[in-house]
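A look at the structure
The lines below spell out each chain.
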Amino acid sequence: MSVIQKIRDKYAVVIIVLICLAIVSFLLQDVFFGSNSMFSQSTTVGKVNGEELDYRDYMQRIENAQNRMRQQMQGASLDEETQQYIREEAWDQFLREHIMKAQYDELGIDVTSVEVADHINGKNPHPLVLQNFTNPETGQFDRSIFDRVRENARQDQTGEVSAQLVAFDNAIVEYQKNLKYITLVHQGINYPKWLADQQA
């Protein structure tokens, strides 16, 4: 019994220091080398079908959407509710891109540049064109407004207007791909007449 008491008396401080060092080294190991260490911080916001959304890309999507919203609201400030909507829409857009892209690729759905040009310049303009280029006084589609925007894009040195036109074209492409997909699904549903008669 006295041997154990001697060990307690002589080595208690040493044992406590060793335990403290072990705990500190364990914590420091996790801080410096763990999966969530301060040196290997992940900037991934989310992942869909193996595709990661980087934080910087997500913030860029939000900033672009905010700029578009401010232009539509003639420079008015965005309240918290609108900003939350924009954040959710940016995430939903990422989801749609990556979930639907796999479906479009598998089914061979695509929209050509000729189709986009026809939706902009054709006899029956695309609903997005009608929505964005209406004359505020008449409430009717005005092709001259679109022509002015296109001319501004040519003269704009910053490239912002051109980038907005490219984003607009991409929106038409996504809209049309989605429309083609929905049409394929709708046309693929076969409800036999005998089954309809049986349920009537």
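The coordinates are above.
What you are looking at is a predicted structure, and each value in this text was computed from that prediction instead of being measured. (Residues numbered from 1 in each chain as written. Predicted model: local features only at pLDDT ≥ 70, side-chain atom pairs only at ≥ 80, totals over all residues. Heavy atoms only, no water.)

What to know about the packing of aromatic side chains
Evaluated as defined, the whole model comprises four aromatic pairs. Seen in terms of ring centroids, Phe133 and Phe146 are 4.9 Å apart; in terms of plane orientation they differ by 85°. Their pairing is edge-to-face. Of this pair, Phe133 sits in the loop between α5 (127-132) and α6 (143-155) while Phe146 is found in helix α6, placing the two residues 13 residues apart along the sequence. Of the two residues examined, Phe133 and Phe146, each falls in the buried class. Ring plane angle 85° and centroid distance 5.5 Å describe the contact between Phe133 and Phe168, whose orientation is recorded as edge-to-face. Here the residue Phe133 occupies a position in the loop between α5 and α6, and Phe168 occupies one in helix α7 (residues 160-188), the gap between them amounting to 35 residues. (Phe/Tyr/Trp six-rings, centres within 6.5 Å; stacked < 30°, edge-to-face > 60°. Helix = DSSP H or I, 4+ residues; strand = E, 2+ residues; numbered from the N terminus. Buried < 20%, exposed > 50% of the residue type's maximum accessible area, 1.4 Å probe, protein only.)

A look at the side chain of Gln66
Topologically, Gln66 is positioned in helix α2 (residues 55-72). Not counting the four nearest positions on each side in its chain, Gln66 is found in contact with Leu78, Gln83 and Ile86. (Contact = heavy atoms within 4.5 Å.)

A word on the pattern of salt bridges
Within the structure shown, the criterion is met by 10 salt bridges. Between Asp57 and Arg61 there is a salt bridge whose closest N-O contact spans 3.5 Å. Taken as a pair, Asp57 and Arg61 lie in helix α2 at a separation of four residues, close to a single helical turn. Residue Asp197 is joined to Lys193 by a salt bridge in which the shortest nitrogen-to-oxygen separation is 3.1 Å. In this pair, Asp197 and Lys193 both sit in helix α8 (residues 193-199), four residues apart, roughly one turn of the helix. Here Asp197 falls in the partly exposed class, since its relative accessible area comes to 47%. Salt bridges sharing common partners tie together Asp57, Arg61 and Glu97. (Salt bridge = Lys/Arg side-chain N within 4 Å of Asp/Glu carboxyl O.)

Re α7
In this model, α7 (29 residues) spans 42 Å end to end at C-alpha, consistent with the 42 Å of a helix rising 1.5 Å per residue. All of the buried residues in α7 are Val161, Leu165, Phe168, Ile172, Val173, Gln176, Lys177 and Tyr181. The elements touched by buried residues of α7 are α3 (80-107), α4 (113-121), α5 and α6. (Expected span 1.5 Å × (residues − 1).)

Examining the nonpolar core
Soluble globular proteins: nonpolar side chains tend toward being buried together. If you look at the biggest cluster of nonpolar residues, it comprises 14 residues, and the most contacted ones within it are Val116, Ile120, Val129, Phe133, Phe146, Phe168 and Ile172. Mapped by element, the contributors of at least two residues to this core are α4, α5, α6 and α7. The dominant element in this core, judged by the number of residues it contributes, is α7, at five residues. With residues near it in sequence (within four places) discarded, Phe168 still touches Leu128, Val129, Asn132 and Phe133. (Core = buried A, V, L, I, M, F, W, Y, C linked by side-chain atoms within 4.5 Å.)

Let's talk about the layout of surface pockets
In this structure, the largest pocket spans a volume of roughly 2,000 Å³. Elements supplying a minimum of two residues to the lining of the largest pocket: α2, α3, α5, α6 and α7. Looking at the lining of the largest pocket residue by residue, the class counts come to 17 nonpolar, 13 polar and 10 charged. (1 Å grid on protein atoms, 1.4 Å probe; cavity = no way out; pocket = protein on both sides within 12 Å on 5 of 7 lines; lining within 4 Å. Points joined across faces, edges and corners; volume = space filled by probe spheres on them. Nonpolar A, V, L, I, M, F, W, Y, C, P; charged D, E, K, R; others polar.)

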